[in-house]
Amino acid sequence: MNRLKHITALILMFLILWQSLVTFGDLPAFLLPPPSKVAQTLWHSRALLAEHAIVTGLEVLLGLVLGASIGAVTAVWLTASQLARHFVRPLLVFSQTIPVFALAPLLTLWLGYGLLSKVAMALLIIFFPVTSAFFDALMRTPAGWMEQARVMGGSYWRVMWLIRIPAALPGFASGLRLAAVYAPIGAIIGEWVGASKGLGYLMLLANGRAKIDLMFAALIVLAVFTLILHVVVDKGCQKLTRNHT
Amino acid sequence: MGFGTWASPHDAGLSAPPGLYLSGTAKIGETLIFGPVIFEALPGQWTCLLGPSGVGKSTLLRLFAGLGEAVTLDGTFGGKDGTSLSNCVALMAQEDLLMPWLDLRQNVTLGARIRGTRPDFAKAETLLARVGLEAHIHKRPSELSGGQRQRVALARTLMEDRPVVLLDEPFSALDARTRAEMQDLAAETLAGRTVLHVTHDPGEAARLGHQILVMTETGITDIPAPATSIPRMYDSTETLDLQGQLHRLLMERR
């Protein structure tokens, strides 16, 4: 309850600051529209915004699910195979020297203007943090647990499934928390490079037509979506790791 | 409890637990860990290996646990009379090593689950009751005290039902009262098995050892223990005399 009050107060302060910038800064509406105007656009264009938000949301969610799954499987693979650690891991680290944003035009070229190239962007941007955080945690299973498991005569994959993976879930969760914040960035960049739908596309379109109020409205929708995603993923992560202390 | 398998200690007659034997010098890389020593633990008896930190007691125990791949032993070790020790050893360490995300029942049956066999929950509950935790079977380790958690570890060790039990200072982090209670409980529940108990506490060795081996930098000495049953009373003259004698040995032999 207290937290809700804090957030409301923060938003209110932000709005007041915004409005006073417009009023006293004497800024023209095509540079910074007043909050009232943006609110109006939010309401009037709600159908348009929703249509594009659904597309971006889908891209983000698909990218998140795929990126987290592929990242998790990769982390387990790296843990299990020394060969993979020797050959694939340096490759993964090296791949991070290429900014994912630089790949966006290429992905659009290869995968087209549709959903796929944006899902790929979101996936690529979250794959590394998820893999890296989960893999590090998997490699740090407490030695005592592993020894106990060996004396008990546990099979490799059962020990992996029943001890190492559960023990590494806090690491996976911290990767996932990062991913929830990064995934929308990937989708939006993908949309900027080439798309016919989505909030990123709408923002560019509105900008080109000097509809700055619509651009702000799209930005607000995106921010709210990212915030909700963050909260949901965070709650999920808390649930995942609630028994780890 | 099939014929020929090591069942509960009450059925100790069914199959005799093996004794343990080791002779030689142990190194990790070029560093001498212990030796040359000759070590023998009698079958079905409680053997305390008493010594200060850093003389290689734990390394010796880990060899029997099958955890000694980093150790080069110039010599031989294993079950007395050449018995293989694979799959007949249970280990209880200083840390309880309970999985925080599992409840007590699941923790006690962990061994069966990682071996891919069906966990016997009824037996787990019986053993948890035996260590006095019947009211807590659905709790998680974090809801228990340190002493209670070590009881769960003991129940898990009993659940493994192995003829040889290796105890690596399992009670050393407990307070004096809890420690004495755990010693009583362990002596009662592990009776009939071959127990190798590594400890640095002369009082503990005096209470629990059928056989007491003092390990120092100069080697292993067998100290005759009274032929009384264990656990010996912590405040009996017999125990206190022995404790003093062991303590003196630890101070002198270096």
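Residues numbered from 1 in each chain as written. Chains lettered and ligands numbered in written order. Predicted model: local features only at pLDDT ≥ 70, side-chain atom pairs only at ≥ 80, totals over all residues. Heavy atoms only, no water.

The next thing to look at is the environment of Glu69 of chain B. Turning to its location among the elements, Glu69 of chain B is positioned in the loop between helix H1 (57-65) and strand E4 (72-79). Relative accessible area serves as the criterion here: at 55%, Glu69 of chain B is assigned to the exposed category. (Helix = DSSP H or I, 4+ residues; strand = E, 2+ residues; numbered from the N terminus. Buried < 20%, exposed > 50% of the residue type's maximum accessible area, 1.4 Å probe, protein only.)

On the surface, Ile7, Ile11, Leu12, Phe14, Leu15 and Ile16 of chain A cluster together to form a nonpolar patch covering roughly 580 Å² of accessible area. With respect to the helices and strands, Ile7 of chain A occurs in helix H1 (residues 2-24). (Patch = residues over 30% accessible without salt bridge, like charges linked within 9 Å, V, L, I, M, F, W, Y side chains within 5 Å. Areas by Shrake-Rupley, 256 points an atom, 1.4 Å probe, with all protein chains shown as cover. Salt bridge = Lys/Arg side-chain N within 4 Å of Asp/Glu carboxyl O.)

The positions UniProt marks with the feature "domain: ABC transmembrane type-1" (unreviewed entry) are residues 49-233 of chain A. The distance from the first to the last C-alpha atom of residues 49-233 of chain A is 24 Å, and the span holds 88% helix and 0% strand. (UniProt positions renumbered as here; feature names shortened; annotations may be inferred.)

All names here are of chain B. As enumerated under the stated definition, the model contains 15 salt bridges over all chains in all. Residue Arg149 is joined to Asp96 by a salt bridge in which the shortest nitrogen-to-oxygen separation is 2.8 Å. Of this pair, Arg149 sits in helix H5 (residues 146-160) while Asp96 sits in the loop between strand E5 (89-92) and helix H2 (104-108), placing them 53 residues apart in sequence. Owing to a relative accessible area of 23%, Arg149 belongs among the partly exposed residues under this scheme. Among the residues examined, Asp96 registers a relative accessible area of 14% and is labelled buried.

It is worth spelling out the sheet that holds strand E6 (residues 164-168) of chain B at this point. Picture the strands of a sheet paired through backbone hydrogen bonds; they go either parallel or antiparallel. All names here are of chain B. In space, the six strands of this open sheet follow the order E5-E6-E7-E3-E8-E9, with mixed pairing throughout. Both edges of this open sheet fall to E5 and strand E9 (219-223), since each of them pairs with a single strand only. With strand direction ignored, the average angle separating the axes of adjacent strands in the sheet is 20°. The pairing of strand E8 (residues 211-216) with E9 spans five bridges and is classified as antiparallel. Its bridge partner being in E9, Val214 is matched across the sheet by Thr221. (Pairing = 2+ DSSP bridges. Axes fitted to C-alpha atoms, helices over the stretch in contact; angles between N-to-C directions.)

A few words on the interface of chain A and chain B. Each partner contributes to the interface: chain A provides 20 residues, whereas chain B provides 24 residues. Taking both sides of the interface into account, the surface hidden between chain A and chain B amounts to around 2,000 Å²; carbon and sulfur atoms contribute 63%. When the buried surface of chain A facing chain B is broken down by residue, Trp145, Val151 and Met152 of chain A rank first, second and third, together holding 34% of it. Inspection of the region where chain A meets chain B yields two salt bridges. The partner of Glu147 of chain A in a salt bridge is Arg62 of chain B, and the shortest N-O contact between them spans 2.9 Å. In this structure, the connection of chain A to chain B is made through 10 residue pairs in polar contact (both at pLDDT 80 or more). Every element with two or more residues in the side of chain A that touches chain B is listed here: helix H7 (143-152) and helix H8 (156-193) of chain A. Residue contributions to the side of chain A that touches chain B peak at eight residues, all from H7 of chain A. For the side of chain A that touches chain B, the per-class residue count stands at nine nonpolar, eight polar and three charged. (Contact = heavy atoms within 4.5 Å. Buried area = accessible area lost by both parts, 1.4 Å probe. Polar contact = N/O pair within 3.5 Å; in protein donor to acceptor, adjacent residues only side chain to side chain. Nonpolar A, V, L, I, M, F, W, Y, C, P; charged D, E, K, R; others polar.)

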